[in-house]
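Breakdown of the fold
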Amino acid sequence: MFKLDDIFTLLVRISFLELYHGPTLAFKDMALTMLPFLIEESKRKNNVNYKSLIFVATSGDTGGAALSSFIKNPTFDTVVLYPNGGVSEIQEKQMLYYTNDRTKAIAMNGNFDDCQSFVKEIFADYEAFLDKMNAKAEELGCTNSHFTNTHGLHDAEHYTTARDMALIGAEAFRNEDFMKITGTKQYKINPTNLTDVE
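So, a few notes on the structure that sits alongside this text. (Residues numbered from 1 in each chain as written. Predicted model: local features only at pLDDT ≥ 70, side-chain atom pairs only at ≥ 80, totals over all residues. Heavy atoms only, no water.)

**Re the packing of helix α6 (residues 112-124) against helix α7 (residues 126-139)**
It is the contact of α6 with α7, at a shortest axis distance of 5 Å, that shows an interaxial angle of 95°. In terms of orientation, α6 lies roughly perpendicular with respect to α7. Within the contact between the two elements, α6 uses Glu121, Ile122, Phe123 and Ala124 and α7 uses Tyr126, Phe129 and Lys132. Considering only residue class, the contact of α6 with α7 consists of five nonpolar, no polar and two charged. (Axes fitted to C-alpha atoms, helices over the stretch in contact; angles between N-to-C directions. Helix = DSSP H or I, 4+ residues; strand = E, 2+ residues; numbered from the N terminus. Parallel < 35°, antiparallel > 145°, perpendicular 65-115°, else oblique. Contact = heavy atoms within 4.5 Å. Nonpolar A, V, L, I, M, F, W, Y, C, P; charged D, E, K, R; others polar.)

Listed below in structure tokens is the structure:
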């Protein structure tokens, strides 16, 4: 049986790390505040000079923590998908607070698994995603298009024609979400921690 002195001695040797003192008060701040610096150092050591895309699915805390960490570094673009109506009000406000021209928080219809599946599908098998792009182009009747990347940068095997782009555009114009996004002439972004201008 322990005596009071034994318990006190035991407690003196125990340390506690409180992980809720970061910018978003989430334990994930601990790792995510360091991540941009670790990636930058890795890029420097490997002579990588291009911008990086951080693409995240969240059920709440990860989104705000990721956005707050990467917003400070101009060599990153960050996109966070979260389930529309599936995060707390404070989590959504945190994510929207940390948005600017390089950091975006996007509410997606569905649940967290849908958001995560979307991100995984894009990154898990890049070749399979390109195959889907090419199959969709063929399904639309494109006869002189071949996609080898998703960003459109030059590659001798990445090509299309005006006719094929018209077919792809016509399909896009049939999509209500695409039309809403492209038809939005102005979008009000609330003040952030970087500026008080709307």
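**Describing the side chain of Asn134**
Residue placement: Asn134 occurs in helix α7. We classify Asn134 as buried; its relative accessible area is 18%. Apart from residues no more than four positions distant in its own chain, Asn134 is found in contact with Ser145, His146 and Phe147. (Buried < 20%, exposed > 50% of the residue type's maximum accessible area, 1.4 Å probe, protein only.)

**Description of the pattern of salt bridges**
In this structure the tally under the stated criterion is seven salt bridges. Note that Glu41 and Arg44 form a salt bridge whose closest N and O atoms lie 2.5 Å from each other. In this pair, Glu41 and Arg44 are both assigned in helix α3 (residues 35-45), three residues apart and thus about one turn of the helix distant. A salt bridge links Asp164 to Arg163, with the nearest nitrogen and oxygen atoms 3.0 Å apart. (Salt bridge = Lys/Arg side-chain N within 4 Å of Asp/Glu carboxyl O.)

**Quick word on the sheet that holds strand β1 (residues 52-57)**
With parallel pairing, the three strands of this open sheet are ordered in space as β1-β2-β3. The open sheet has two edge strands, β1 and β3 (103-108), and neither has a second partner. The average angle at which neighbouring strand axes cross in this sheet is 15°, direction not considered. Inspection of the sheet shows β1 paired to strand β2 (residues 76-83) by six bridges, in the parallel sense. Residue pairing across strands places Val56 opposite Val80, the latter belonging to β2. Here helix α4 (residues 61-70) sits on the sheet and contacts β1, β2 and β3; the angle it forms with β2, its principal contact strand, is near 165°. Packing of α6 onto the sheet brings it into contact with β1, β2 and β3, and relative to β1 it is tilted by some 145°. (Pairing = 2+ DSSP bridges.)

**Let's talk about the packing of aromatic side chains**
What describes a pair of aromatic rings is the distance from one ring centre to the other and the angle between the planes of the rings. On inspection of all chains with the given rule, the structure shows three aromatic pairs. Measuring from ring centre to ring centre gives 4.8 Å for Phe70 and Phe76, while their planes differ by 70°; the resulting arrangement is edge-to-face. Accessibility classification places Phe70 together with Phe76 in one group, the buried group. Lys43 extends its terminal NZ or CZ atom over the ring of Phe76, reaching a point 5.0 Å from the ring centre. (Phe/Tyr/Trp six-rings, centres within 6.5 Å; stacked < 30°, edge-to-face > 60°. Lys NZ or Arg CZ within 6 Å of the ring centre and 35° of its normal.)

**Remarks on the environment of Ala162**
Summarising the element assignment, Ala162 is placed in helix α8 (residues 162-173). Its relative accessible area of 67% is what places Ala162 among the exposed residues. Linking Ala162 and Ser145, residues 17 residues apart in sequence, is a C-alpha distance of 9.8 Å.

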